[in-house]
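Each chain, written out:
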Protein chains: 4
Amino acid sequence: MFPPYEVTVAYKLTMIIQLQSSITPAEKEAICKTIASLGYKTTEVNTQRHTYLVGIGKKEFDIRLLGQMKGITDIHRVSDDYKLVSRKWKVDRTRISLGDEVTIGDGSLSIMAGPCSIENEAQIEQTIAHLVGNGVRIMRGGVFKPRSSPYAFRGLGVEGLKLWYSLARKSGIKIISEVMQVSQIASMVDYVDIFQVGARNTQNFNLLDELGKVDKPVMIKRGISGTLEELLYSAEYVFAAGNEKLMLCERGIRTYERASRNTMDLNAIPILKEKTHLPVIADPSHGIGIREFVEPIALAAVMAGADGVIYETHLNPEEAASDGQQTLDFEESSNLISRMRKTFELRENF
Amino acid sequence: MFPPYEVTVAYKLTMIIQLQSSITPAEKEAICKTIASLGYKTTEVNTQRHTYLVGIGKKEFDIRLLGQMKGITDIHRVSDDYKLVSRKWKVDRTRISLGDEVTIGDGSLSIMAGPCSIENEAQIEQTIAHLVGNGVRIMRGGVFKPRSSPYAFRGLGVEGLKLWYSLARKSGIKIISEVMQVSQIASMVDYVDIFQVGARNTQNFNLLDELGKVDKPVMIKRGISGTLEELLYSAEYVFAAGNEKLMLCERGIRTYERASRNTMDLNAIPILKEKTHLPVIADPSHGIGIREFVEPIALAAVMAGADGVIYETHLNPEEAASDGQQTLDFEESSNLISRMRKTFELRENF
Amino acid sequence: MFPPYEVTVAYKLTMIIQLQSSITPAEKEAICKTIASLGYKTTEVNTQRHTYLVGIGKKEFDIRLLGQMKGITDIHRVSDDYKLVSRKWKVDRTRISLGDEVTIGDGSLSIMAGPCSIENEAQIEQTIAHLVGNGVRIMRGGVFKPRSSPYAFRGLGVEGLKLWYSLARKSGIKIISEVMQVSQIASMVDYVDIFQVGARNTQNFNLLDELGKVDKPVMIKRGISGTLEELLYSAEYVFAAGNEKLMLCERGIRTYERASRNTMDLNAIPILKEKTHLPVIADPSHGIGIREFVEPIALAAVMAGADGVIYETHLNPEEAASDGQQTLDFEESSNLISRMRKTFELRENF
Amino acid sequence: MFPPYEVTVAYKLTMIIQLQSSITPAEKEAICKTIASLGYKTTEVNTQRHTYLVGIGKKEFDIRLLGQMKGITDIHRVSDDYKLVSRKWKVDRTRISLGDEVTIGDGSLSIMAGPCSIENEAQIEQTIAHLVGNGVRIMRGGVFKPRSSPYAFRGLGVEGLKLWYSLARKSGIKIISEVMQVSQIASMVDYVDIFQVGARNTQNFNLLDELGKVDKPVMIKRGISGTLEELLYSAEYVFAAGNEKLMLCERGIRTYERASRNTMDLNAIPILKEKTHLPVIADPSHGIGIREFVEPIALAAVMAGADGVIYETHLNPEEAASDGQQTLDFEESSNLISRMRKTFELRENF
């Protein structure tokens, strides 16, 4: 609905031109002139990895006109409204390295687990011990909660995040945590390895723009009733603003069915894998919302092709500050990890 | 919304009393009198397997009052609005034997495959050869199509079904086919092994009632926008009308998302397995509606706990009379069968 | 999704040719040959009013080729998938006369009121007296209820309908009642003035086909999660099967919102009025499902352009056999009738 | 889902105690002690109008215990999860004065009209002339657009708002405009009469919190797939943060139906009027999204009980910078205004 480029006519053609890092100003100017002469409007996109020219126009043209010019690494034509995140121009899948040999999208299964809310030092240490014991490298947890109000549990805030970070770093654990507003980015950026954009913020374009300027990976959750196209547009926003280290997360959608908290849309997984080069993560905890059924949905998501799974676990789910009804205890979590890996291994051997 | 019992007050209690086959009229009368004295209204349900008394009332009572009476095999209390199909009184899962050692719900994975529409003898023979070659025992296919009109392909009708039956029986293949109206039951009953109730007929109560009187298994598909509760009520109708050989089928629901034909609700699988003792089948062909993604959704459904999978395959999907865009060719089908079995084996070994 | 014509290519053109009643076989044959020579496939549609040839093809052609032939009243081109019900070829709105100067779609407001279920003679007489006192000419009521089961209130059946008919005829009251299966048509046809097709039967194509052969008006309710396009297709089925006396009814759709029983889609009213020449009726009782809010939704529907309103009223809603929570008492009903008429008058004077 | 109070047990009781402005610290302390002695947790809410104590607890108590204490204006018990916005404790409807005899919720019909986007001085002047000529006092318009990106029309921003403000003030026109992020509040606050919270921000709790601290009215639009309950919770957030000058806006929800842009849920109007004392506004432009049908839906909304209508109009819709397909021209707008007023007059005379 809101692609980050101006689209005012029915049929548009797009070219994505990746520039060489060694390009000279004169070469770039020559390319821009040629594009303009074709009646195309050009936007320069500078990400932390590359520089692109995104050209949008109406007339067909001979791609060789540009292909022979100096300073160009690659040139593609894309028909999707989302462009930079489309697999049509970038067939190679995006890999996101978090350092310390933790990489998402490299053909391994990325497991991210932890509590809904970070509560205190003991809880952090218990969770880290559980993850380390199971070989899991990424811990999830909220330090700002959307239910925050002057009267309810707000989350531990940045101080909690710093404590978590210091404990996690000792154990080689990476951190994914939700950022809820632009003003939190600066205070979080040094203490998270992945920024999570929640389902209520999928179309918070200011937040997406600002995350485009940050040199940290971002995981965008699908909106509560968001389409896959809107999710891809949201990713396009962040990419076009400069950040290529992106992943998408299916977490269930709102439907008329009330037997589960949300309707986990596992169709989204193969469809997104086809449409975009970005890694696709599944969140079965929110996708079904019922503790005893998190495992079958997590395993199904792996079988459907997910690059990773994020779920909620807690030493004592009944006492969790939030989301206890969909949180696994550590024994259930250990079983799930083992079964997800076996499932993933089977899938990779097909 | 429409349980097949009268429910007129907010809080009702239900007892399900399974009678011994050797019960005497006097014993039965004594039981009924006792139930009536408790202020309960009784409905006698005679299925092809057993006789039950379903009592509905408002007051708590001491179950031992009845438990000591003669002629009773078992007595249960149920709080769900669907009663006879609830797992709360019948923990043992329903097994449905089709003869010739083909059984659904016995802990094996039931695979049902075939074309959307039965087209001609050659197509039937090709499909049977494909199934036999892969060890699949149940063939699906439509002989009456809901798109039927005086101007469109109607399906081959009963004559096509008879031809199919004669070819299938030679090869030990069982038949599942959709029945669309009461008047078709009699002409189909001798030539099908499972009656399928389609998504547009899930709440066709007349059809459900009549299928309750038939001694053939019935598979009920979830309505196009049906809740799981409504699906269970529909099964309750058939059960209460006399037919216990029932299975349920998740085939995707209608949502706002248009990237897929329907939204496959895999949450339904573990939830239904928890709520009912009936087998649960998945239909990934309709659930996602896109040929290249049928496999991952089928495998995901197996991993989520399905007792079986029904999908569309055709020698030449591009030439299929209907649903070609979601139909696998035989090579894709063979691969899928092999992978579903490996997935099922992994699941069963957890 | 299922138009009653075969549609196998992406872009089709349709011509609707209305024939003169005096056409000779030779003239008709000549027309058919000409259509065939254009590569068009022709279907002859005989309704109780007219004979049409519906031609479907791919190539543009000069309409004058046919326009000059003998035996043709009118010829139109239609691009919608629903054709005979489209306003694109028939701009004049359909009027449906029930006799005794009761006409639907003639620019008056048609009010249809009565109980959910016909219960007994006293109830029928009370309701008739209420309607007559308010100048309302059409009474609604169910004699077969979809919740019917051996154990629940089934409705009074055909005997109840006959009783109702004899009482209604004495007072000049017309009858609309739901038909739920093909086998009921014959027994109902002499005692109803309008057959109602319920929301669970909107895509029961067998029922629609049979109603196409009957010389009584039919009101088709939108499916529980039916699109407007599907509703128009359903009407096309009945029309193509021979019955032009059709009206459509918006009765609310299933959404995620639970504050009301359904989500009344009043957008449907102006949209349907634009797309089809058939009268459009609103059912606020089911559309919101809460007694105290039936009035504002009924008035809103009139303001949105409805040709009529159907709603539930009962002498004593608390004691109604069904749907009491959305049923008006007679005082509320009288107020509503008066206000709907004033609203309609205002609208007509714009 | 996220009420702005901590709710941790199933059944809670709430008391809302409105304090006298003349209350002494000692009196307040005594009240708080009494509440605490009942096991209730108290939150003090200071709005720009009043001070409230919101007490939440589990045990029943005798309200007279508190009613006799000094410093209390009024005391109520509320069972809804949304409390301060509930009509259960405040039956008097909220009136919001914008000055210059423009009041919303006072029993008049509030009309708010103008373009989707503020474009330039000429457009502002044309629109103001149109509104003044029709006696409309409130002008809508966007200066920040959610589609904003470095490459698309962003809106004129604060400079455009200042220009608009200076022109509007000369003509006695009030301004409603959307605020999209916390950082915009300060720069907008002196130039708007009503802050609009858009459908993508309904659950942007940070934004809601900050708007609670501002002394300007706020109109909250229902979320794209938001429930009425969530809309009321969002209002509760703003109210609890200090701002009582609130109104709600129904603007259509996302459903499976594609014949209209959204599904206008007019059920929401009488339901919200029953549940809350806040004014309820309808937005037919977004609710149906098709220019020619805006009028019938606007009139229907008035008939359903709306306190006001907000819609899009432009001198030349075809040239509007955004939303032209749902924007009325001035002639259509003048007609609509006249008809809405007649409809409103009829409704008020019932």
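Note that the structure is a prediction, hence the values are computed from the model and not measured.

Trainee: Explain the sheet that holds strand 4 (residues 72-78) of chain B here, please?
Mentor: Hydrogen bonds between backbone atoms are what pair the strands of a sheet, whose relative direction is either parallel or antiparallel. All names here are of chain B. Pairing is antiparallel across the open sheet formed by four strands, whose spatial order is 2-3-1-4. Looking at the sheet topology across the chains shown, the edges are occupied by strand 2 (41-46) and strand 4. Across the sheet, the axes of successive neighbouring strands diverge by a mean angle of 20°, strand direction being ignored. Pairing geometry for strand 1 (residues 13-19) and strand 3 (residues 51-57), over six bridges, is antiparallel. The partner of Thr14 across the bridge, within strand 3, is Ile56. Helix-sheet contacts for helix 1 (residues 25-37) involve strand 1, strand 2, strand 3 and strand 4, and the interaxial angle to strand 1 is about 175°.

Trainee: I would appreciate a short explanation of the environment of Ile173 of chain B in the present structure.
Mentor: Residues and elements named next belong to chain B. Its place among the elements puts Ile173 in the loop between helix 4 (157-170) and strand 9 (174-178). With a relative accessible area of 1%, Ile173 lands in the buried category. When the C-alpha positions of Ile173 and Val102 are compared, they lie 9.3 Å apart, and in sequence the two are 71 residues distant. The contacts of Ile173, once residues within four sequence positions are left out, are Ile128, Leu131, Val132, Val136, Arg137, Met139, Ala168 and Asp193.

Trainee: Could you clarify how one ought to interpret the relation of the copies chain B and chain A in this entry?
Mentor: Between the two chain copies there is a screw-like relation: a rotation about an axis and a shift along it. Between chain B and chain A, which share one sequence, the superposing operator has a rotation angle of 180° and an axial displacement of 0.0 Å; the RMSD is 0.1 Å. Given the turn and translation reported, the copies of this chain are related as if by a two-fold rotation axis. Looking at the rotation axis and the C-alpha trace of chain B, the residue lying nearest is Ala300 of chain B, at 2.0 Å. Looking at chain B, 100% of its interface residues are interface residues in chain A too, so the copies touch through the same face.

Trainee: Explain unusual backbone geometry to me, please; I cannot follow it from the model alone.
Mentor: Backbone phi values are negative for most residues with the exception of glycine, while trans is the configuration of most peptide bonds. The phi dihedral of Glu101 of chain A falls on the positive side, at around 65°, and the residue is not glycine. With respect to the helices and strands, the residue Glu101 of chain A is situated in the loop between strand 5 (96-99) and strand 6 (102-104). You will see that Asp100 of chain B, though not glycine, has its phi angle at about 55°, which is positive. Along the chain, the position of Asp100 of chain B falls in the loop between strand 5 (96-97) and strand 6 (103-104).

Trainee: Mind showing me how you'd approach the interface of chain B and chain A here?
Mentor: Accessible area lost upon the coming together of the parts is a frequently used measure of interface size. On the chain A side, the residues contacting the 38 residues of chain B number 38 residues. Buried surface at the junction of chain B and chain A, both sides included, amounts to about 3,000 Å², of which 69% is carbon and sulfur. Summed over the three residues of chain B that lose the most area to chain A, namely Tyr256, Asn267 and Phe350 of chain B, the buried surface amounts to 23% of that side. The salt bridge partner of Arg222 of chain B is Glu257 of chain A, with a shortest N-O separation of 2.7 Å. Between the two partners, chain B and chain A, sit 14 residue pairs in polar contact (both at pLDDT 80 or more). Secondary structure elements with two or more residues in the side of chain B that touches chain A: helix 8 (268-275), helix 9 (284-288), helix 10 (294-304) and helix 11 (330-349) of chain B. Split into classes, the residues belonging to the side of chain B that touches chain A amount to 20 nonpolar, 10 polar and eight charged.

Criteria and cut-off values
- Residues numbered from 1 in each chain as written.
- Chains lettered and ligands numbered in written order.
- Predicted model: local features only at pLDDT ≥ 70, side-chain atom pairs only at ≥ 80, totals over all residues.
- Heavy atoms only, no water.
- Pairing = 2+ DSSP bridges.
- Helix = DSSP H or I, 4+ residues; strand = E, 2+ residues; numbered from the N terminus.
- Axes fitted to C-alpha atoms, helices over the stretch in contact; angles between N-to-C directions.
- Contact = heavy atoms within 4.5 Å.
- Buried < 20%, exposed > 50% of the residue type's maximum accessible area, 1.4 Å probe, protein only.
- Least-squares fit on C-alpha atoms with pLDDT ≥ 70 in both.
- Buried area = accessible area lost by both parts, 1.4 Å probe.
- Salt bridge = Lys/Arg side-chain N within 4 Å of Asp/Glu carboxyl O.
- Polar contact = N/O pair within 3.5 Å; in protein donor to acceptor, adjacent residues only side chain to side chain.
- Nonpolar A, V, L, I, M, F, W, Y, C, P; charged D, E, K, R; others polar.

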